[in-house]
Amino acid sequence: MFAATHLNVQNMRRQSLVQILFMLMTAILILPVLIILATLIYKGGPAISFEFLFSDPRDGMTAGGIFPALVGTVWLVAVALLVSVPLGVAAAIYLSEFAPQNWFTRIINLAIINLAGVPSIVHALFGVGAFVLFFGFGTSILAAALTLAIMTLPVVIVATRESLQAVPLAFREACWNMGATRWQTIHRVVLPNAVSGILTGVILEVSRTTGETAPIMFTGAAFFLPFLPESVFDQTMALSLHLFVVSTQVPGVPDEMPYGVALVLIGMVLAMNSVSIAFRMYLRGKKKW
Amino acid sequence: MEQAQAIAETGNGAAGAASAQTAAHAIHTRDLNLWYGDFQALYDINLDIKQGIITSLIGPSGCGKTTFLRSINRINERLGYVRIQGAVEVYGHDIFAPGVEIAQVRKQIGMVFQRPNPLPISIRDNVLFGFNLHGEVRRRLHRSEQDEIVEGALRQVLLWDAVKDHLDRKATELSLEEQQKLCIARLLPVKPRVLLMDEPCSALDPKGTEAVEELIWGLAGEYTILIVTHNMAQARRASDECIFMLMGKVVEHGDTADTFVTPVHKETADYIEGRYG
């Protein structure tokens, strides 16, 4: 009575087939990541040393370390974050909590999503026109970081908006019905519950900002500088551009050097992501509904 | 302190005269009409709801009882397509008057919902939430003052003994019954005049329903309570007066005991006996 019929067998077979197919596709996706990581560690690992991380490049960048580039990247990411996070979070709060939900707001939202798709070289040219020339910041950390900030702003806005909207309406209603203003509702209830989602946006932004090359090439990153930047109006080296330079622009670079730079770059992103993800999980664990 | 302020306000000018006239009435409506877009949900509601008692609103689904309830603390207006005509006075004050601040309306007229909606913070912070919203920004209360408020409110809703040892637990971890009690408790520290309850027991089991009804009885007198219910037995045992609505109109308003024993209108009798609704 409960034995499989011909039709059952057919359906089960079809299911296993689909399952195997999708599993293979997932494997195909993961494989490149593993290969990249393995190659970098295998070829770049020997290059990593205390001296490599903490000394200046020497001999036309064919020897020495990457310290100025490392410091430069930290500067760029930090300034970009400092600008884009407050701006993006504020804009997202306005759009999702205050703005009337009409066609105009919808168009703005659509525009923001489209902004995320603008090629980075276009952002670079915008940065040159706006920050380097028009505002007169010159090629500097400030101009480069602002360009990066503009480029990553949509990611922050979209992530923040989505995490704000994931906070159940019931919480807002509870506040409103006790006579809370919109702002009281937002900063006492909505934001604390949206923090982990906002953090996701910031993580994404950090990863992107660290690796971007085109937007900083014309706006503030230099091929080679023998000194560290002292203020945001200085030019700086950056890891991503340094990688490009040592792998394509300078003859006579030892093989392991570009791999070493790439390994440091990826290591930095992974380290920052892990810290943020851990923090996010900690916040998630605290909230329950 | 706040009550003194409210009394001082009522002592002023024309509003004072109005409140003296309707002193026994907490809520007074005059020709209240309400439309959702083109659909008229309320027709000429004229009601005088007495102060300090429990009044239940009964009627079949869609008769407008919840809409009426939601008009009194003006939360209907959040829906952009709602249009309201007529007057609602609460303790002699027109809630639609030009100078009225919605936050004050909501503070004086608390609301309890069908589904308990505690905030995802500790029990203690839930009770203090409304109080902190309306408190002065600069002045932070002493811990002991806060403790007093929390204990007072939780005792009033008969929840103190169950939660006194873990006030720092998340409110969302409580049982539904306890959550609903907490939702009532957090209204009390701001000393509202009126409590509106929209089927407060419909998400609870019979035991929870009994417990919440018991606490609502305890609050009557100090607060004017207006409660929407689908449960005839509940309306009968847990209210002093009773309003029967049908198709957006008030059919009958009277003493609960009388209404259930000798209803004046045939529709009321039919509904109470379960012939529709």
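Please read these numbers as outputs of a predicted model, since none were measured by experiment.

Parameters at a glance
Residues numbered from 1 in each chain as written. Chains lettered and ligands numbered in written order. Predicted model: local features only at pLDDT ≥ 70, side-chain atom pairs only at ≥ 80, totals over all residues. Heavy atoms only, no water. Helix = DSSP H or I, 4+ residues; strand = E, 2+ residues; numbered from the N terminus. Buried < 20%, exposed > 50% of the residue type's maximum accessible area, 1.4 Å probe, protein only. Contact = heavy atoms within 4.5 Å. Areas by Shrake-Rupley, 256 points an atom, 1.4 Å probe, with all protein chains shown as cover. Pairing = 2+ DSSP bridges. Axes fitted to C-alpha atoms, helices over the stretch in contact; angles between N-to-C directions. Salt bridge = Lys/Arg side-chain N within 4 Å of Asp/Glu carboxyl O. Buried area = accessible area lost by both parts, 1.4 Å probe. Polar contact = N/O pair within 3.5 Å; in protein donor to acceptor, adjacent residues only side chain to side chain. Expected span 1.5 Å × (residues − 1). Bend = angle between axes of the 7 residues up to and from the residue. Phe/Tyr/Trp six-rings, centres within 6.5 Å; stacked < 30°, edge-to-face > 60°. Lys NZ or Arg CZ within 6 Å of the ring centre and 35° of its normal.

A.B. asks: Would you explain the overall build of chain B in this entry?
C.D. replies: Helices and strands together make up the secondary structure of chain B, namely twelve helices and ten strands. Across the 277 residues that make up chain B, the buried fraction comes to 53%. The contacts of chain B with a sequence gap of at least 6 include a subset with a gap of at least 24, amounting to 70%. In the form shown here, chain B has an accessible surface area of approximately 12,800 Å², with 50% of it arising from carbon and sulfur atoms.

A.B. asks: Would you mind going over the pairing of strand S7 (residues 194-198) of chain B with me for this structure?
C.D. replies: On a regular strand, each side chain points to the face opposite its neighbour's, so the side chains alternate between the two faces of the sheet. All names here are of chain B. Among the five residues in S7, five count as buried, and that is most of the element. The side-chain alternation of S7 yields two buried faces, one formed by Val-194, Leu-196 and Asp-198 and the other by Leu-195 and Met-197. Pairing analysis gives four bridges linking strand S6 (residues 109-112) to S7, with the strands arranged parallel. Bridge pairing in S7 links Gly-110 to Leu-195. In terms of strand pairing, S7 meets strand S8 (residues 224-228) through five bridges, oriented parallel. By the bridge assignment, Leu-195 is partnered in S8 with Ile-225.

A.B. asks: Please explain the sheet that holds strand S3 (residues 54-58) of chain B as it appears in this structure.
C.D. replies: In sheet architecture, strand pairing relies on hydrogen bonds along the backbone and comes in two forms, parallel and antiparallel. Residues and elements named next belong to chain B. Read across the sheet, six strands follow the order S6-S7-S8-S3-S9-S10 without closing on themselves; strand pairing throughout is mixed. Here the strands that pair on one side only, and so sit at the sheet edges, are S6 and strand S10 (249-255). Strand-to-strand twist of the sheet, defined as the mean angle between neighbouring strand axes without regard to direction, takes the value 20 degrees. Contacts from helix H9 (residues 206-219) reach S3, S7 and S8 within the one sheet, and its direction differs from that of S8 by about 150 degrees.

A.B. asks: I tried to follow the sheet that holds strand S2 (residues 39-50) of chain B on my own but got confused; where do I start?
C.D. replies: Residues and elements named next belong to chain B. Ordered in space as S2-S1-S4-S5, the four strands form an open sheet in which the pairing is antiparallel. Unpaired on one side and paired on the other, S2 and strand S5 (93-94) mark the two borders of the sheet. With two bridges connecting them, strand S4 (residues 82-90) and S5 associate as antiparallel partners. Paired with Glu-89 across the two strands is Asp-94, which belongs to S5.

A.B. asks: Honestly, the pattern of salt bridges in this entry has me stumped. Any pointers?
C.D. replies: Where side chains of opposite charge bring their charged atoms close, a pairing between them can arise. Residue and element names in this part refer to chain B. A complete count under the given rule lists twelve salt bridges over all chains for this structure. For the salt bridge of Glu-241 with Lys-50, the shortest nitrogen-to-oxygen distance reads 2.5 Å. Of this pair, Glu-241 sits in strand S9 (residues 241-246) while Lys-50 sits in strand S2; the two residues are 191 residues apart in sequence, bridging distant segments of the chain. Relative accessible area serves as the criterion here: at 10%, Glu-241 is assigned to the buried category. On the basis of relative accessibility, which here comes to 36%, the residue Lys-50 falls in the partly exposed class. Among the ionic pairs, Arg-74 bridges to Glu-77, the shortest N-O distance being 2.7 Å. Overlapping salt bridges, with partners in common, bring together Glu-177, Lys-181 and Lys-207 in one network.

A.B. asks: So what exactly am I meant to see when it comes to the interface of chain A and chain B here?
C.D. replies: Think of interface size as the accessible area that goes away when the parts come together; that is how it is often given. In this complex, chain A contributes 18 residues to the contact, which on the side of chain B involves 20 residues. Between chain A and chain B, a total of about 1,700 Å² is buried, with carbon and sulfur atoms accounting for 60% of that surface. Viewed at the interface, chain B and chain A are joined by zero salt bridges. Along the contact surface separating chain A from chain B lie two residue pairs in polar contact (both at pLDDT 80 or more). Elements with a minimum of two residues in the side of chain A that touches chain B: helix H7 (169-176) and helix H8 (182-211) of chain A. Looking at the side of chain A that touches chain B, the element that brings in the most residues is H7 of chain A, giving six residues.

A.B. asks: Is there a simple way to explain H8 of chain A in this structure?
C.D. replies: Turn by turn, an α-helix covers 3.6 residues, leaving residues three or four places apart pointing in a common direction. The end-to-end C-alpha distance of H8 of chain A, which contains 30 residues, comes to just 38 Å, noticeably less than the 44 Å that a straight helix rising 1.5 Å per residue would cover. Of all the bends found along H8 of chain A, the most pronounced is centred on Leu-191 of chain A and spans about 50 degrees, while Pro-192 of chain A, a proline, follows it within four residues.

A.B. asks: How should I be thinking about the pairing of strand S1 (residues 25-36) of chain B in this particular structure?
C.D. replies: Residue and element names in this part refer to chain B. With eight bridges connecting them, S1 and S2 associate as antiparallel partners. Considered in S2, the bridge of Thr-29 is made with Leu-47. Where S1 folds back on S2, the antiparallel hairpin that results is connected by two residues, among which Gly-37 adopts a positive phi of roughly 60 degrees.

A.B. asks: Looking at this structure, I do not really get the environment of Ser-84 of chain A. What am I missing?
C.D. replies: Residue and element names in this part refer to chain A. By secondary structure assignment, the location of Ser-84 is in helix H3 (residues 67-98). In this structure the C-alpha to C-alpha distance between Ser-84 and Tyr-282, which are 198 residues apart in sequence, comes to 24 Å. Among the polar contacts made by the side chain of Ser-84, one reaches the side chain of Glu-205 at a distance of 2.5 Å.

A.B. asks: Help me understand the side chain of Thr-152 of chain A, please; the structure alone is not making it clear to me.
C.D. replies: Residue and element names in this part refer to chain A. Structurally, Thr-152 is set in helix H6 (residues 141-165). Judged by its relative accessible area of 0%, Thr-152 falls in the buried class. Polar side-chain contacts of Thr-152 include one of 2.8 Å to the backbone oxygen of Leu-148. Beyond its immediate sequence surroundings of up to four residues, Thr-152 is in contact with Ser-84, Glu-205, Arg-208 and Thr-209.

A.B. asks: Could you clarify how one ought to interpret the packing of aromatic side chains in this entry?
C.D. replies: The geometry of an aromatic ring pair is captured by the separation of the ring centres together with the interplanar angle, meaning the angle of the planes. The final tally for this structure, using the stated rule, is eleven aromatic pairs over all chains. Between Phe-134 of chain A and Phe-135 of chain A, the aromatic rings sit 5.2 Å apart at their centres with planes inclined by 85 degrees, giving edge-to-face as the arrangement. Members of the aromatic cluster, each reached through a chain of ring pairs, are Phe-126, Phe-131, Phe-134, Phe-135 and Phe-137 of chain A. Across from the ring centre of Trp-35 of chain B, 4.3 Å away, lies the NZ or CZ of Arg-83 of chain B, which sits over that ring. Over the ring of Tyr-91 of chain B we find Arg-193 of chain B; its NZ or CZ atom is 4.0 Å from the centre of that ring.

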